There are 2 protein chains.
Amino acid sequence: MPKHQAPIPLVDLNADAPCCPPLAQRRVPAETAAVLAPAFKALGDPVRLQLMSMIASADGGEACVCDLTPAFDLTGPTISHHLKTLREAGLVDAERRGTWVYYRARPQILRQLAGLLASEPTAATQR
Amino acid sequence: MPKHQAPIPLVDLNADAPCCPPLAQRRVPAETAAVLAPAFKALGDPVRLQLMSMIASADGGEACVCDLTPAFDLTGPTISHHLKTLREAGLVDAERRGTWVYYRARPQILRQLAGLLASEPTAATQR
DNA sequence: TCTCTGTTTAGACAGGCATCTAGACAGGGT
DNA sequence: ACCCTGTCTAGATGCCTGTCTAAACAGAGA
C-alpha cells in the first residue's frame, strides 16, 4: 500500500455527534465537547482560519495547494502541516488529481459548529 | 494599585472587527483572522467549551464559579485558568459580587463567530 | 481583629504545537 | 530512462498550554 497517502478522515461527526444543540440553550455534554473542541482548535490559528476560508470560498468549492501556499510567508511544508491539521479535524477533504492536490471543505461540520454558536435561531429556526 | 485585579477585556471585537463576512463567501483577510482566531482557539478545549456553554446557558445569563468548578474533575485553580483564557479571548465577562464571582457571556462575539461559520446566512432551509 | 471559605495568582513540570531544513514520493515532460 | 516541479513526511527546536501545588488576596462572620 502507498505509504504516502493516509487521508483517512479521523473525525466522523455525522455519525455520533448529536449535532447542533445551541451552546447557549443547554449545556454541552462532555462527549460533544470532546468531539467538537478539536474542530474549534483547528480554526484557532490565523493561518488555518484563512486557509479554511480560502478553501471554502474557492470557485468550484475546491482549492489547489499551489494557490494556497503562495498566499502566505511560510514554507510549503508548514502549509502542508496546517492542511493536515484541518484534514484531521474533519474540516476538509484532500484529493490528488495529477500533479496537484485539491482541498475541499466539508460543509456539514461547518454547519454543526455554526449551529452550536448560534445564539438566536431567529426565524426559520430548527428542524 | 490593586495587584489582584486586571480583568480588562483584552479583545475589543466590536470596534475594529468587520464582523461576520461568512467564511465560505469571501476570503477572510489576515487582520480579521488574527482577531477572531484566538476566540476559536479559546473554544478549542473541551473544558472551556463546556464552561462557555454552562455560562451562556445559565439562568439569568450568568454563572457562579462555585457552580462551575464542581462540574469537573479539576482543581479550582485549573478552572480559574480556563476562565481567564475565556476572559482574555473576550468571550466572557467577570464580576465579583460579595463572596462569589459571576461570569457572563458576551453574545456579540458569539454572533460574530457564528456568522463567520454560517454557510447560508438566510435562515430558511437551504440544501 | 482573627479566622474561614471562595477565588485568583505564581511557579513548576510534562506534553503539545508551529516552524524550519532535509529528504522522499508522485506525476509530467523531455 | 532521466530530470524537474509540486507535495508530503521526518526530525529537530523553541515556544505555548494544561495541569498541579502552594501561596496570596477578597469578603463574610464571630
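The structure reproduced in this document is the subject of the present report. (Residues numbered from 1 in each chain as written. Chains lettered and ligands numbered in written order. Predicted model: local features only at pLDDT ≥ 70, side-chain atom pairs only at ≥ 80, totals over all residues. Heavy atoms only, no water.)

**Comments concerning the overall build of chain A**
Next up, step 1: Helix and strand counts for chain A stand at 6 helices and 3 strands.
Next up, step 2: Its helices and strands taken in sequence order, chain A reads α-α-α-β-α-α-β-β-α from the N to the C terminus.
Next up, step 3: For chain A, contacts bridging at least 24 residues in sequence account for 62% of all contacts bridging at least 6. (Helix = DSSP H or I, 4+ residues; strand = E, 2+ residues; numbered from the N terminus. Contact = heavy atoms within 4.5 Å.)

**Let's talk about the relation of the copies chain B and chain A**
Next up, step 1: With an RMSD of 0.0 Å, the operation that places chain B on chain A is a rotation of 180° combined with a shift of 0.0 Å along the axis. As the rotation angle and translation indicate, the two copies are arranged about a two-fold axis.
Next up, step 2: Comparing interface residues between copies, 95% of those in chain B also lie at the interface in chain A; the contact surface is shared. (Least-squares fit on C-alpha atoms with pLDDT ≥ 70 in both.)

**Quick look at the pattern of salt bridges**
All names here are of chain A.
Next up, step 1: Inspection of the entire model under this criterion finds 8 salt bridges over all chains.
Next up, step 2: Two residues, Arg97 and Glu62, come together in a salt bridge whose shortest N-O distance is 2.6 Å. Taken together, the residues span a long stretch of sequence, with Arg97 in strand β2 (residues 92-97) and Glu62 in strand β1 (residues 62-64) at a distance of 35 residues.
Next up, step 3: When its relative accessible area of 18% is taken as the criterion, Glu62 is described as buried.
Next up, step 4: Where Asp93 meets Arg106, a salt bridge forms, and the shortest distance between an N and an O atom there is 3.6 Å. Residue Asp93 is located in strand β2, and its partner Arg106 is located in the loop between β3 (100-105) and α6 (107-117); the two are separated by 13 residues in the primary sequence. (Salt bridge = Lys/Arg side-chain N within 4 Å of Asp/Glu carboxyl O. Buried < 20%, exposed > 50% of the residue type's maximum accessible area, 1.4 Å probe, protein only.)

**Topic: the packing of aromatic side chains**
Next up, step 1: Scanning all chains against the criterion turns up 1 aromatic pair over all chains.
Next up, step 2: Ring geometry for Phe40 of chain A and Phe40 of chain B: centres 6.1 Å apart, planes at 15°, overall stacked. In this pair, Phe40 of chain A sits in helix α2 (residues 30-43) while Phe40 of chain B sits in helix α2 (residues 30-43), so the two residues belong to two different chains.
Next up, step 3: The class of Phe40 of chain B is buried, set by a relative accessible area of 0%.
Next up, step 4: Sitting over the face of the ring of Tyr102 of chain A, Arg97 of chain A holds its NZ or CZ atom 4.3 Å from the ring centroid. (Phe/Tyr/Trp six-rings, centres within 6.5 Å; stacked < 30°, edge-to-face > 60°. Lys NZ or Arg CZ within 6 Å of the ring centre and 35° of its normal.)

**Remarks on the sheet that holds β1 of chain A**
Residues and elements named next belong to chain A.
Next up, step 1: One open sheet accounts for 3 strands, arranged β1-β3-β2; its pairing is antiparallel. Strands with a single pairing partner mark the edges of an open sheet, and in this sheet they are β1 and β2. The average undirected angle you get between the axes of adjacent strands in this sheet is 30°.
Next up, step 2: As paired strands, β1 and β3 are joined by 3 bridges and run antiparallel to one another. By the bridge assignment, Glu62 is partnered in β3 with Arg104.
Next up, step 3: Where helix α5 (residues 76-88) meets the sheet, it contacts β2 and β3, and its direction lies at approximately 120° from that of β2. (Pairing = 2+ DSSP bridges. Axes fitted to C-alpha atoms, helices over the stretch in contact; angles between N-to-C directions.)

**Some details on the sheet that holds strand β1 (residues 62-64) of chain B**
Think of a sheet as strands paired side by side through backbone hydrogen bonds, with each pair either parallel or antiparallel.
All names here are of chain B.
Next up, step 1: Strand order in the open sheet made by the 3 strands is β1-β3-β2, with antiparallel pairing throughout. Each end of this open sheet is capped by a strand with a single partner; those strands are β1 and β2 (92-97). Sheet twist, expressed as the average angle between the axes of neighbouring strands with direction ignored, equals 30°.
Next up, step 2: Judged from the 6 bridges that link them, β2 and strand β3 (residues 100-105) form a sheet pairing that is antiparallel. Following the sheet pairing, Glu95 is matched in β3 by Tyr102.
Next up, step 3: Strands in contact with helix α3 (residues 46-56) are β1, β2 and β3; relative to β3, the strand with the most contacts, it is inclined by about 90°.
Next up, step 4: Of the strands in this sheet, β2 and β3 touch helix α5 (residues 76-88), which is tilted by about 120° from β2.

**Considerations on the side chain of Arg48 of chain A**
Residues and elements named next belong to chain A.
Next up, step 1: Tracing the backbone through its elements, the reader meets Arg48 in helix α3 (residues 46-56).
Next up, step 2: No salt bridge is formed by the buried Arg48. Its closest oppositely charged neighbour is Asp45, at 4.6 Å.
Next up, step 3: Ignoring sequence-local partners within four residues, the contact set of Arg48 consists of Lys41, Ala42, His82, Thr85 and Leu86. (Lys, Arg positive; Asp, Glu negative; His and termini not counted.)

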